[in-house]
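Given next are the chains, with one letter for each unit.
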Amino acid sequence: MTGGPMAIHAPSSVRTGWAHWLESYVMMTRWELGSLRLLLPLIVALQVIIGGGFALGIGLLFEDMPARNALYLSTGVTVVTLITVGLVLGPQLVGNRKIAGTYDFMWSLPVPRTTQAAAWTTVNSVIALPGMVAALLIADWRYDLPLHISLSIVPAVLLTIVTATMVGYAFAHAIPRPMITQLITQLLIFFILGFAPINIPPENLPAWLASLNDWLPFYHMAVVIRGGLTDGLITDVGSSYLVLTLYTAASVAVAAWVIGRRD
Amino acid sequence: MDDWTFRADRVTKSFGELRANDEITLQVRPGEVYGLLGPNGAGKTTLVKQIIGLLKPTSGALTLGPHDLVEDPDAARQLCSYLPQAQMPIDSFGAQQVMKLTGMIRGGDTITVQRRSDELIDALDIGEWRNTLGMKLSGGVKRLVGFAMVTVWPGRLVILDEPTNDVDPRRRRLLWEQIRRLGDAGASVLLVTHNVLEAEKSVDRLAIINDGRLIAEGTPSSLKAQDRGRMRLQLMMTPGHDTPEMPPFVHHHTRVGNNVMATVGESDSAQAIGWAQEMMGLGEAEEYALAATTLEDVYIRLTGHRSEEEPANIEAAM
Ligand SMILES: Nc1ncnc2c1ncn2[C@@H]1O[C@H](COP(=O)(O)OP(=O)(O)OP(=O)(O)O)[C@@H](O)[C@H]1O
Ligand SMILES: [Mg+2]
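Below, the structure is looked at part by part. (Residues numbered from 1 in each chain as written. Chains lettered and ligands numbered in written order. Predicted model: local features only at pLDDT ≥ 70, side-chain atom pairs only at ≥ 80, totals over all residues. Heavy atoms only, no water.)

Observations regarding the pairing of strand β3 (residues 33-37) of chain B
Residues and elements named next belong to chain B.
And then number 1: Here β3 lies mainly inside the structure; 5 of its 5 residues are buried.
And then number 2: Burial along β3 is two-sided: Val 33, Gly 35 and Leu 37 facing one way and Tyr 34 and Leu 36 facing the other are all buried.
And then number 3: Sheet analysis places β3 next to strand β8 (residues 188-192), joined by 4 bridges and oriented parallel. If you follow Val 33 over to β8, its bridge partner there is Val 189. (Buried < 20%, exposed > 50% of the residue type's maximum accessible area, 1.4 Å probe, protein only. Helix = DSSP H or I, 4+ residues; strand = E, 2+ residues; numbered from the N terminus. Pairing = 2+ DSSP bridges.)

Rendered as structure tokens:
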């Protein structure tokens, strides 16, 4: 038993500003990495296997794949591995926490809630990037790709990850029932693989679907990432950067609104 | 010196038609341990969730010292620490590790947080599980770890929603001691509990909430004042037997299951025992006991119904 006066350092003022935000972000990233600690190696390994396996799998589509197709499909695979983490895995993890009922505590922590969203994005990147790199390395080794990696891959990957993660984070939080969230992620993966011009050239899609995709982020994600990985495969990246940047800003705003809302 | 009194002023929270909180007004002063009691669904969790910013009041004000907690949820989260009734996310952390991590998120420094977590682990006697992963802890130890997490570096107002749930009787006593010490150290403690007898011994003041309304408030002894000079006669009815006609010296009575609790004057004790023995002789009752009234009698009288018009309600209240 402990005796004597207990030291309580009760806060007297409310911390605000960037220093507090950054400090909270670092703490919440530690928290998120810590709470996924046991699963993280498994998830990352799975992402690597999925990315690498997917890259090998496309080789089965052709008896002798033309170089341009190999480049197109391999870069498409990297995009898919990147965005499925934020849009599919992320929402499922959020859903699990909703089921466990641990958000009352998480939302009561004395940090700006946006730091929790930022920490979540960081953790999603930690999960997504190894899979993306693995897909690219294996595709390069297997198909001997004429890759031409430029610095623009950094903003391209950043915009793609942030948008995918924040869209997933927002709907996973906004939808009260994790069951519905699961269904939506199933639908999304179906759409991304089958009906979005990531691996399918837009001219192969029915006209209405192609123009629908002009307004969705997936095609633009594929364009900017291909722009950063190749030379000559993509011509017009400017408008895709514009659309994607707007999507990123909107997804961050919506996510911040969703998690800041009180019933 | 700033005044860090917590004030709820006519807080009302509606979920559609349901008024989960109906004009609740109460105050908790620094150093005070304030109990919030009431049956399931009374609206206790709803009230504390509004303080910490998980819910927004339909109307009314919540303030802590100079801070408006409804307007400024960031201030609410920094100035209050909160142990929810729901689960704590500690599965992948070691017990002490997660206490230290939350302490640091709350703004604590490494050294103090280390020292305070050591202190709490000793005080709650959970040293055995210091490095055990959260997912491997038993329910009660999880609860104690949760308590330590929110009090390693406590806020001005410490909100505890059923902290003693699942905890064994001996550690429950240790836990109450720590709650008391939080108050002694100057924090305001707002504590939700179903354990009326433990609360009676440990809280400074308490409120009883029923159907969203605050129906009684005061110190445990002021709440019992009405029962001063009275005793509780408890009759265990033979299953299947109706509640007998009460003799005139019974002030009021409640039935919960097969248990009939009647309040009688101290001077009527002998008569009460005689009547109870008569009931046993008739096979109506199986057992009886006469004891001093406790806060529980007040609680049952206030939250249950005085008569037997709606016995279902009384059973729901227990
Ligand atoms: N999010 C919600 N939406 C609709 N109704 C709700 C919601 N949360 C609580 N309620 C209702 O409000 C009432 C009060 O619930 P609350 O959880 O505050 O009770 P409580 O006093 O904490 O009960 P317990 O002792 O069982 O924890 C209940 O009738 C409950 O069904
Ligand atoms: Mg409750």
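Re the coordination of the magnesium ion (ligand 2)
All names here are of chain B.
And then number 1: Protein-derived coordination of the magnesium ion (ligand 2) comes from Thr 45 (OG1) and Gln 85 (OE1), at a distance range of 1.9 to 2.2 Å. Here the residue Thr 45 occupies a position in helix α1 (residues 44-51), and Gln 85 occupies one in the loop between β6 (80-83) and α3 (95-105), the gap between them amounting to 40 residues.
And then number 2: Taking relative accessible area as the criterion, Gln 85 reaches 39% and is therefore assigned partly exposed. (Donors = N, O, S within 2.8 Å, 3.2 Å for Na, K, Ca; no water.)

With respect to the interface of chain B and chain A
And then number 1: Each partner contributes residues to the interface: chain B has 53 residues there, and chain A has 38 residues.
And then number 2: With both sides pooled, the region where chain B packs onto chain A buries about 4100 Å², and carbon together with sulfur makes up 63% of that total.
And then number 3: Considering only the surface of chain B that becomes buried against chain A, Arg 77, Gln 78 and Ile 105 of chain B emerge as the three largest contributors, covering 19% of it.
And then number 4: Linking chain B with chain A are 1 salt bridge.
And then number 5: Of the charged contacts in the structure, one is a salt bridge between Lys 49 of chain B and Asp 104 of chain A, with a shortest N-O distance of 3.6 Å.
And then number 6: Counting across the chain B and chain A interface gives 9 residue pairs in polar contact (both at pLDDT 80 or more).
And then number 7: Among the residues making up the side of chain B that touches chain A, the classes are represented as 30 nonpolar, 11 polar and 12 charged. (Contact = heavy atoms within 4.5 Å. Buried area = accessible area lost by both parts, 1.4 Å probe. Salt bridge = Lys/Arg side-chain N within 4 Å of Asp/Glu carboxyl O. Polar contact = N/O pair within 3.5 Å; in protein donor to acceptor, adjacent residues only side chain to side chain. Nonpolar A, V, L, I, M, F, W, Y, C, P; charged D, E, K, R; others polar.)

Remarks on the environment of Glu 200 of chain B
Residue and element names in this part refer to chain B.
And then number 1: Within the secondary structure layout, Glu 200 lies in helix α7 (residues 196-202).
And then number 2: Here Glu 200 falls in the buried class, since its relative accessible area comes to 17%.
And then number 3: Through-space distance from the C-alpha of Glu 200 to that of Pro 220 is 5.7 Å; in sequence the pair is 20 residues apart.
And then number 4: A polar atom in the side chain of Glu 200 sits 2.5 Å from the side chain of Lys 224.

Things to note about the site of ligand 1
Residue and element names in this part refer to chain B.
And then number 1: Residues in close proximity to ligand 1 total 14 residues, the closest being Gly 41, Gly 43, Lys 44, Thr 45 and Thr 46.
And then number 2: A distance of 2.9 Å is found between an oxygen atom of ligand 1 and a backbone nitrogen or oxygen belonging to Gly 43.
And then number 3: Taking His 194, its side chain carries an N or O atom lying 2.9 Å from an oxygen atom of ligand 1.
And then number 4: With the chains in place, 62% of the 640 Å² that ligand 1 exposes on its own is no longer accessible.
And then number 5: Contributing elements (two or more residues each) for the shell around ligand 1: β2 (18-28) and α1.
And then number 6: Looking at the shell around ligand 1 element by element, the count peaks at 3 residues for α1.
And then number 7: The residue makeup of the shell around ligand 1, split by class, is 5 nonpolar, 7 polar and 2 charged. (Near = heavy atom within 4 Å. Areas by Shrake-Rupley, 256 points an atom, 1.4 Å probe, with all protein chains shown as cover.)

Considerations on the packing of aromatic side chains
Residues and elements named next belong to chain A.
And then number 1: Within this structure, the stated rule accounts for 9 aromatic pairs over all chains.
And then number 2: Measuring from ring centre to ring centre gives 5.1 Å for Tyr 103 and Trp 107, while their planes differ by 40°; the resulting arrangement is tilted. The burial state of Tyr 103 is the same as that of Trp 107; both residues are buried.
And then number 3: Taken together through their ring pairs, the aromatic side chains of Phe 190, Phe 191, Phe 195 and Phe 218 make up a single cluster.
And then number 4: Over the face of the ring belonging to Tyr 72 we find Arg 226, whose NZ or CZ atom lies 3.7 Å from the ring centre.
And then number 5: The aromatic ring of Trp 257 is capped on one face by Arg 261, whose charged end is 5.8 Å from the ring centroid. (Phe/Tyr/Trp six-rings, centres within 6.5 Å; stacked < 30°, edge-to-face > 60°. Lys NZ or Arg CZ within 6 Å of the ring centre and 35° of its normal.)

Structural notes on the nonpolar core
And then number 1: Of all hydrophobic cores here, the largest spans 137 residues; its most connected members are Trp 31 of chain A together with Phe 6, Leu 36, Ile 51 and Val 145 of chain B.
And then number 2: In terms of residues, this core owes the most to one element, helix α6 (residues 153-174) of chain A, which gives 12 residues.
And then number 3: Counting contributing residues per domain, this core is built from domain 1 (6-222) and domain 2 (224-303) of chain B, each supplying no fewer than three.
And then number 4: Leave out the neighbours within four places in its chain, and Leu 36 of chain B touches Leu 26, Lys 44, Leu 47, Val 48, Leu 190, Leu 191, Val 192, Thr 193, Ala 207 and Ile 209 of chain B. (Core = buried A, V, L, I, M, F, W, Y, C linked by side-chain atoms within 4.5 Å. Domains from an automatic or database assignment.)

Quick look at the sheet that holds strand β1 (residues 6-15) of chain B
Residues and elements named next belong to chain B.
And then number 1: Taken in spatial order, the 4 strands line up as β2-β1-β4-β5 in an open sheet, and their pairing is antiparallel. The sheet terminates laterally at β2 and β5 (67-68), the two strands that pair on one side only.
And then number 2: Here β1 pairs with β2 via 7 bridges, running antiparallel. Bridging from a neighbouring strand, Ala 8 pairs with Leu 26 of β2.
And then number 3: Sheet strands touched by α1: β1, β2 and β4 (59-64). Its angle to β1, the strand with the most contacts, is close to 115°. (Axes fitted to C-alpha atoms, helices over the stretch in contact; angles between N-to-C directions.)

Overview of the sheet that holds β3 of chain B
All names here are of chain B.
And then number 1: A sheet is described by the order of its strands in space; here 6 strands give the open sequence β6-β7-β8-β3-β9-β10, paired in mixed fashion. Only two strands of the sheet have a single neighbouring strand rather than two, namely β6 and β10 (213-218). Each strand axis lies, on average, 15° off the axis of its neighbour in the sheet, ignoring direction.
And then number 2: Sitting on the sheet, helix α6 (residues 169-184) touches β3, β7 (157-161) and β8, and the angle it makes with β8 is about 145°.
And then number 3: Against the sheet, helix α10 (residues 295-303) engages β3, β9 (205-210) and β10, with an angle of about 30° to β9.

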